[in-house]
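Single-letter residue listing:
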Amino acid sequence: SQQGEEDPQALSIQEGENATMNCSYKTSINNLQWYRQNSGRGLVHLILIRSNEREKHSGRLRVTLDTSKKSSSLLITASRAADTASYFCATPEGTGGFKTIFGAGTRLFVKA
Amino acid sequence: EAQVTQNPRYLITVTGKKLTVTCSQNMNHEYMSWYRQDPGLGLRQIYYSMNVEVTDKGDVPEGYKVSRKEKRNFPLILESPSPNQTSLYFCASSRQGPDEQFFGPGTRLTVL
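Residues numbered from 1 in each chain as written. Chains lettered and ligands numbered in written order. Predicted model: local features only at pLDDT ≥ 70, side-chain atom pairs only at ≥ 80, totals over all residues. Heavy atoms only, no water.

Glancing now at the sheet that holds strand S7 (residues 61-66) of chain A. Residues and elements named next belong to chain A. Pairing is antiparallel across the open sheet formed by 5 strands, whose spatial order is S1-S3-S8-S7-S6. The sheet is open, and its two borders are formed by strand S1 (5-7) and strand S6 (55-58), each paired with just one other strand. On average, each strand axis in the sheet is tilted by 20° relative to the strand beside it, whichever way the strands run. Where S6 meets S7, 4 bridges bridge the pair, whose relative direction is antiparallel. Its bridge partner lying in S7, Glu-55 is registered against Thr-64. (Pairing = 2+ DSSP bridges. Helix = DSSP H or I, 4+ residues; strand = E, 2+ residues; numbered from the N terminus. Axes fitted to C-alpha atoms, helices over the stretch in contact; angles between N-to-C directions.)

Residues and elements named next belong to chain B. Where nonpolar side chains cluster on the molecular surface, the patch consists of Ile-12, Val-14 and Leu-112 and spans about 320 Å² of accessible area. On the secondary structure map, Val-14 appears in the loop between strand S2 (10-13) and strand S3 (19-25). When its relative accessible area of 45% is taken as the criterion, Val-14 is described as partly exposed. (Patch = residues over 30% accessible without salt bridge, like charges linked within 9 Å, V, L, I, M, F, W, Y side chains within 5 Å. Areas by Shrake-Rupley, 256 points an atom, 1.4 Å probe, with all protein chains shown as cover. Salt bridge = Lys/Arg side-chain N within 4 Å of Asp/Glu carboxyl O. Buried < 20%, exposed > 50% of the residue type's maximum accessible area, 1.4 Å probe, protein only.)

Another point: the interface of chain B and chain A. With 23 residues of chain B in contact, the opposing surface of chain A contributes 23 residues. Around 1,700 Å² of area is buried between chain B and chain A when both sides are counted, 52% of it from carbon and sulfur atoms. Across the chain B-chain A interface, the total number found is 1 salt bridge. Asp59(B) is the salt-bridge partner of Lys99(A), the closest N and O atoms lying 3.4 Å from each other. Linking chain B with chain A are 12 residue pairs in polar contact (both at pLDDT 80 or more), by the criterion used here. Among the secondary structure elements, those contributing two or more residues to the side of chain B that touches chain A are strand S4 (31-38), strand S5 (42-51) and strand S9 (87-94) of chain B. The residue makeup of the side of chain B that touches chain A, split by class, is 11 nonpolar, 8 polar and 4 charged. (Contact = heavy atoms within 4.5 Å. Buried area = accessible area lost by both parts, 1.4 Å probe. Polar contact = N/O pair within 3.5 Å; in protein donor to acceptor, adjacent residues only side chain to side chain. Nonpolar A, V, L, I, M, F, W, Y, C, P; charged D, E, K, R; others polar.)

Rendered as structure tokens:
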């Protein structure tokens, strides 16, 4: 089942611009996570936001969570060519579940 | 260095020939998991393990087996591979539960 669905599927921006990716999910969750994947490589965990948090920052990353709308957004500010990657949201299934559900991802291309 | 290792990294095999993909982590993590990644489908969880001798099915377990006899190892077994199991496979681990997972480099499997 696809719990998290990202939008847009692909995004192309200029270096220095901000990139925003969105994720929607279907069931109640304890937390939501964002991962990055450089072409064909293993995913790297970026940030985790808990269900009782509305916003979280980590360096140039800003994540928001709206549990009433079952959605999250990832903002990358002042993007760099090195940010070119695919970004995935992931949630544990339900609250307290051990299964992980990933969305299909957003492919970000940052032009130098 | 903290890491998740997978072997082999690349494998081409034929239908029906049993194979095992190994996964090992050196972080004393309790949670380990296997995913497959196919174009346009994101990552789908095959099996996960909450601790030694405790495993459970993910979203796409058919055609796969796993075992968790030791904390550090979580092999993925394909008893009779078929072409629809051609995919990119990732092993991941985390300290406890499905949060903040560390991913291996991936195994690209082709079944002819």
